[in-house]
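Structural characterization, general
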Amino acid sequence: MSVRRWSRAVRWYLRELTGEADYDRYCERHRRRHPLAPVPSRRVYEARRALHRETHPQGRCC
Amino acid sequence: MPTSVLPENHPAVPEKSRMRSLVLWSAVSLVGAVAWGVLALARGERISAIWLVLAALGSYAIAYRFYARFVARRVLKPDDSRATPAERLEDGVDFQPTDRRVLLGHHFAAIAGAGPLVGPVLAAQMGYLPGTLWIVAGVIFAGAVQDMVVLFLSMRRDGTSLGQMARDEIGRAGGAAALVAVLAIMIILLGVLALVVVNALAHSPWGTFSVAMTVPIALFMGFWMHRIRPGRVVETSLIGVALLLLAIVGGSWVQNSSLAGTFTLSPTTLAFCLVGYGFVASVLPVWMLLAPRDYLSTFMKIGTIALLAVGVVVAAPVMRADAVSQFAGSGAGPVFAGSLFPFLFITIACGALSGFHALVASGTTPKLIRKESQVRLIGYGAMLMESFVAIMALIAAATLEPGLYYAMNAPAALLGTTAESASHAVAGLGFTITPDQLTQAAKAVEEQTLIARSGGAPTLAVGMSEIFSGVFGGTAMKAFWYHFAIMFEALFILTTVDAGTRVGRFMLQDMLGNVFKPLGRVNWKPGIWLCSALVVAAWGYFLYTGATDPLGGINQLFPLFGIANQLLAAIALTVCTTILIKSGRLRWAWVPGVPLLWVVAVTFTAGWQKVFSDDPKVGFFAQRARYADATDAGQVLPPAKSLDDMHTVVTNSTVDGVLIVLFLLLVAVVMANAAVVCVRAIRSRVPLPTTEAPYVASRLDDSERVGEPLAGARS
């Protein structure tokens with residue numbers, strides 16, 4: 001596999017793993033379900049996500 | 001790690017690929033068998049760590065290919081035509097069908113932490129062979145099975161938690177006992193893990209500075225990700241990792257500057273710092289500290305573990321420890337007291353079998369699975385990876401000179417404080433290290449002393465610095481790699497402490513909410529503060545007693561931690577076995593049932609000995625009696641130095657002993673309740689009702705999406 005393909009694969013994996021790509025998916029979903037409503041900005045989305053994380057703690061193991 | 005998931009009900013395989021598979025698996029078996037043979041036959045001569053790696057990897061591959069597949073196909077029967085909760089309840093937040101390779105990374109990052117790194121290091125006192133055998137056999141037949149089965153069962157129940165499953169499937173008494181046990185066990189776990197950090201950082205300005213710097217770094221990252229460039233996690237994490245490396249380099253400078261005194265802290269001071277930090281971290285908004293720290297920790301975790309694997313393979317260090325040490329038989333080892341059975345099996349918990357994983361496997365992960373058959377890769381596969389981490393930790397400890405290992409891990413009371421006294425004490429144990437060698441070893445990693453640095457982290461760090469400096473950078477880089485390893489472990493543990501405190505707080509709020517309503521509300525500030533303070537105070541108590549225990553905190557508390565963790569595994573396996581029996585799969589109940597019997601035998605024997613043993617080194621109450629009698633007679637027994645110390649020992653051993661009794665009782669309640677349910681299920685003509693979600697046909701395409709950048713690549 002070429003270097004470019006590798007770096008793209010790594011980037012894809014990291015974006016997926018960290019949840020950075022979630023916003024893209026969210027936008028796509030939003031457009032599909034509410035085609036007329038404007039898509040919330042990334043800032044708004046991330047703020048909501050942080051709020052959600054606040055009430056849904058995730059355990060980390062030992 | 002084999003990642004290709006074969007379709008579970010696949011049609012006839014072409015002859016050619018069948019032949020290739022036959023050849024491949026014969027070769028894998030052969031390599032594994034030869035490696036085990038070398039391990040078994042090597043007596044007296046030193047062997048390369050490569051054999052350990054090969055034996056483990058060969059066994060994992062075979063277990064994944066055959067046993068995991070058998071358990072999945074015959075026992076669990078995943079059905080890829082059935083929609084998973086991620087598909088049915090997709091909301092883009094909690095439920096989201098996720099690529100299996102990404103989810104494997106997620107799940108691995110959630111289950112792997114300091115546990116598999118610390119336990120094997122302590123267990124190295126019995127030699128590397130017993131530990132290796134337990135790690136490999138334990139993960140294959142118990143640990144990975146538990147993770148996979150819990151993951152599957154929770155997935156079939158829309159991702160309900162272990163406690164909830166216990167209540168739904170076993171009953172109210174069992175459920176309540178399980179809930180209390182989970183909270184109590186978590187408190188002990190957090191206290192002991194925090195103690196590992198305290199022991200690693202005590203009197204080490206370099207380590208203290210670089211770990212302290214993780215707080216401003218995380219705050220900066222949080223601010224950057226939340227305010228300046230929202231959601232840019234990857235770039236922020238890369239900046240964070242770079243800053244972290246700078247902090248490690250900076251620690252060297254701080255150590256040699258006038259600031260050194262500020263960062264040279266005693267264990268007691270460090271314990272208070274950690275308690276304060278834990279409280280603040282658990283009430284601050286998640287985005288500020290916890291989330292960025294979590295990303296940082298994930299990146300460091302995956303990076304360092306990969307680095308360690310490369311280091312072990314390239315440097316191919318020689319095992320210097322005995323295969324089976326004298327302490328395996330006598331049970332009189334200085335690191336932890338007690339005989340091989342049961343104490344080896346509770347000292348190595350994570351890496352072989354860890355009850356804590358059941359909490360992760362029944363929470364976030366089941367809500368993200370795309371296809372049912374992927375539980376094999378995610379549940380079983382991730383646990384195999386964690387087990388491999390444990391093997392590498394064992395290698396790092398066993399490549400050290402035994403003399404140095406015991407000088408670092410025996411209790412301070414035995415070793416004294418000078419290189420001469422430590423050298424003398426080690427000679428008394430039957431190993432040799434000269435005072436000069438000890439001073440040199442400390443100097444090489446730029447620590448004031450390596451004597452009695454128990455807790456596992458410093459030992460692992462010295463081992464890792466040996467391995468890394470053999471591959472990258474030579475001896476000049478040894479001190480850097482040592483502090484890199486310390487930082488990496490402390491980072492893991494502090495993340496676990498943050499997250500655990502928060503989870504504990506929610507559980508406590510949930511329980512107390514039944515008594516006083518407002519406490520249960522997750523946004524009532526006084527309730528949040530009160531519950532956070534209670535959780536922090538609870539683990540802080542164990543941390544403080546551990547840091548000040550005259551008998552050595554790790555020596556006293558680690559068995560408690562191991563028993564607690566394995567008891568949680570007993571609860572999880574009980575839930576698994578009960579559900580299998582209730583759903584008419586009595587025939588396969590042995591799959592979780594045999595590991596359950598084993599872990600019950602281990603924990604109850606260990607618990608029994610800890611409570612009733614006459615040997616004051618093993619039994620908490622015998623220890624209590626010995627010190628209480630001496631105190632009444634006005635005597636001070638070494639290692640205690642004053643009557644205050646004597647009182648401390650009496651109090652600590654009482655608390656620890658009572659806790660063990662409490663844990664065993666709670667688990668016995670869960671199991672008794674489960675046994676009643678199982679008998680009822682076996683006698684009943686019609687299957688008892690379970691809470692499995694009804695079948696809904698999946699509309700997701702089974703085959704991987706085409707055109708994905710990683711398609712065909714192995715993770």
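Counting from 1, residues in each chain are numbered in the order their sequence is written. Note on labels: chains are lettered from A, ligands numbered from 1, in written order. pLDDT decides what is reported in this predicted model: residues at 70 or higher carry local features, side-chain atom pairs at 80 or more are listed and counted, and totals for whole chains, interfaces and linings draw on all residues regardless.

**Points about the overall build of chain B**
The helix count covers DSSP runs of H or I at least four residues long, the strand count covers runs of E at least two residues long, and both are numbered beginning at the N terminus. For chain B, the helix and strand inventory stands at 28 helices and 0 strands. The globule rule is 2.2 Å times the number of residues to the power 0.38, and the radius of gyration it is compared with is taken over C-alpha atoms. For a compact globule of 715 residues, the expected C-alpha radius of gyration is about 27 Å, and chain B comes in at 25 Å, within 12% of that figure. Taking the principal axes of the C-alpha coordinates as reference, chain B spans close to 70 × 60 × 60 Å. Counting other C-beta atoms within 10 Å of a residue's own tells you its class, since 20 or more makes it buried, 12 or fewer makes it exposed, and anything in between is partly exposed; those C-beta atoms are placed from the backbone. Across the 715 residues in chain B, those meeting the buried criterion constitute 57%. Our contact criterion uses C-beta atoms placed from the backbone: two residues qualify when those atoms are within 7 Å. The long-range share in chain B, meaning contacts at least 24 apart out of those at least 6 apart in sequence, stands at 81%.

**Digging into the overall build of chain A**
Counting its regular elements, chain A contains 3 helices and 0 strands. Relative to its length of 62 residues, chain A is extended, with a C-alpha radius of gyration of 16 Å against a globular reference of 11 Å. Summarising its shape, the C-alpha atoms of chain A cover approximately 40 × 40 × 20 Å along the three principal directions. Counting across all 62 residues of chain A, residues that qualify as buried make up 19%.

**Structural notes on the nonpolar core**
All names here are of chain B. As used here, a nonpolar core is made of buried Ala, Val, Leu, Ile, Met, Phe, Trp, Tyr and Cys residues. They are joined through C-beta atoms within 7 Å. Core analysis: the biggest nonpolar cluster contains 247 residues, and Leu189, Ala194, Val198, Ala407, Leu543 and Ile571 have the highest contact counts within it. A per-element tally of this core places helix α8 (residues 172–201) first, with 20 residues. In this structure Val198 touches Pro267, Leu270, Ala271, Leu274, Leu543 and Ala547, once residues within four positions along its chain are discounted. Residues Leu551, Tyr627, Ala640 and Met646 belong to the second largest nonpolar core, which totals 6 residues.

**What to know about the packing of helix α21 (residues 457–471) of chain B against helix α22 (residues 478–513) of chain B**
Residues and elements named next belong to chain B. Note on method: axes are straight lines fitted to C-alpha atoms, helices fitted across the in-contact stretch only, with angles between N-to-C directions ranging 0 to 180 degrees. Packing of α21 against α22 leaves a shortest axis separation of 8 Å and a crossing angle of 135°. In terms of orientation, α21 and α22 fall into the oblique class. For the crossing formed where α21 meets α22, the hand is right-handed. Two secondary-structure elements touch here, α21 through Ala457, Pro458, Leu460, Ala461, Val462, Met464, Ser465, Phe468 and Ser469 and α22 through Lys478, Trp481, Tyr482, Ala485, Ile486 and Glu489. When its residues are assigned to classes, the contact of α21 with α22 shows 11 nonpolar, 2 polar and 2 charged. In what follows, roughly perpendicular refers to angles from 65 to 115 degrees, roughly parallel to angles under 35, roughly antiparallel to angles over 145, and oblique to any angle outside these ranges. Less than a right angle of anticlockwise turn of the near helix away from the far helix marks a crossing as left-handed, whereas a clockwise turn marks it as right-handed. Each residue is assigned to one of three groups, with Ala, Val, Leu, Ile, Met, Phe, Trp, Tyr, Cys and Pro labelled nonpolar, Asp, Glu, Lys and Arg labelled charged, and all others, Gly among them, labelled polar.

**Examining helix α16 (residues 375–398) of chain B**
All names here are of chain B. Take the number of residues in a helix, subtract one, and multiply by 1.5 Å to get its expected span. In this model, α16 (24 residues) spans 34 Å end to end at C-alpha, consistent with the 34 Å of a helix rising 1.5 Å per residue. Each residue is assigned a bend, namely the angle between axes fitted to the seven residues that terminate at it and the seven residues that start at it. By the largest-angle criterion, Gly381 marks the main kink of α16, which is about 25°. Counting buried residues in α16 gives 24 out of 24 residues, a clear majority hidden from the surface.

**Structural notes on unusual backbone geometry**
As a rule of thumb, non-glycine residues mostly have phi less than zero, and peptide bonds are mostly trans rather than cis. Residues and elements named next belong to chain B. Of the consecutive residues Phe341 and Pro342, the connecting peptide bond is found in the cis state with omega at 5°. Take Pro342: it is sitting in helix α14 (residues 340–347). Residue Pro638 is joined to Pro639 through a cis peptide bond whose omega torsion reads 5°. On the secondary structure map, Pro639 appears in the loop between α27 (620–632) and α28 (643–683). Located in the positive-phi region is Glu446, a residue other than glycine, with phi close to 55°. Position of Glu446 relative to the elements: it lies in the loop between α20 (435–444) and α21. Given 18 C-beta atoms within a 10 Å radius, Glu446 is considered partly exposed.

**Remarks on the environment of Leu195(B)**
Turning to its location among the elements, Leu195(B) is positioned in helix α8. Ignoring anything within four residues of it in the chain, the contact list for Leu195(B) reads Gly455(B), Leu543(B), Gly546(B), Ala547(B), Gly553(B), Ile554(B) and Leu557(B).

**Some details on the interface of chain B and chain A**
The interface of chain B with chain A comprises 45 residues on the first partner and 29 residues on the second. Of all the elements, α22(B) adds the most residues to the side of chain B that touches chain A, at 7 residues. Taken together, the residues that form the side of chain B that touches chain A break down as 27 nonpolar, 15 polar and 3 charged.

**Some words on the confidence of the model for chain B**
Residue and element names in this part refer to chain B. pLDDT gives the predictor's per-residue confidence on a scale running from 0 to 100. Of the residues in chain B, 96% reach a pLDDT of 70 or more, and the chain-wide mean stands at 92. Of the regions scoring below 50 in pLDDT, residues 1–8 engages in 18 contacts with residues more than four places distant in sequence or in other chains. Confidence drops under a pLDDT of 50 for residues 704–715, and excluding neighbours within four residues, the segment shows 14 contacts in the predicted structure. Model confidence for the complex: the whole-complex pTM is 0.94, and ipTM, which rates the interface, is 0.94.

**Section: the environment of His226(B)**
If you trace the backbone, His226(B) turns up in helix α9 (residues 205–228). For His226(B), a count of 21 C-beta atoms within 10 Å translates into the label buried. Sequence separation of His226(B) and Met288(B) is 62 residues, and the distance between their C-alpha atoms is 8.1 Å. Excluding residues that lie within four positions of it along the chain, His226(B) makes contacts with Glu46(A), Ala50(A) and Trp287(B).

**Considering the packing of helix α12 (residues 290–315) of chain B against α21(B)**
Residue and element names in this part refer to chain B. Contact pair α12 / α21: the axes reach a minimum separation of 9 Å and the direction vectors enclose 70°. One way to sum up the angle between α12 and α21 is to call them roughly perpendicular. Of the two possible hands of crossing, α12 and α21 adopt the one that is left-handed. Side by side, α12 and α21 meet where Leu308, Gly311, Val312, Val314 and Ala315 of the first sit next to Met464, Ile467, Phe468, Gly470 and Val471 of the second. By residue class, the composition of the contact of α12 with α21 is 8 nonpolar, 2 polar and no charged.

**What about the confidence of the model for chain A?**
Here chain A shows a mean pLDDT of 90. Residues at 70 or above account for 98%. Per-element mean pLDDT across chain A ranges from 89 in helix α3 (residues 42–55) of chain A up to 94 in helix α1 (residues 3–18) of chain A.

**Some thoughts on the environment of Phe484(B)**
Position of Phe484(B) relative to the elements: it lies in helix α22. The spatial distance from the C-alpha of Phe484(B) to the C-alpha of Leu289(B) is 21 Å, given a sequence separation of 195 residues.

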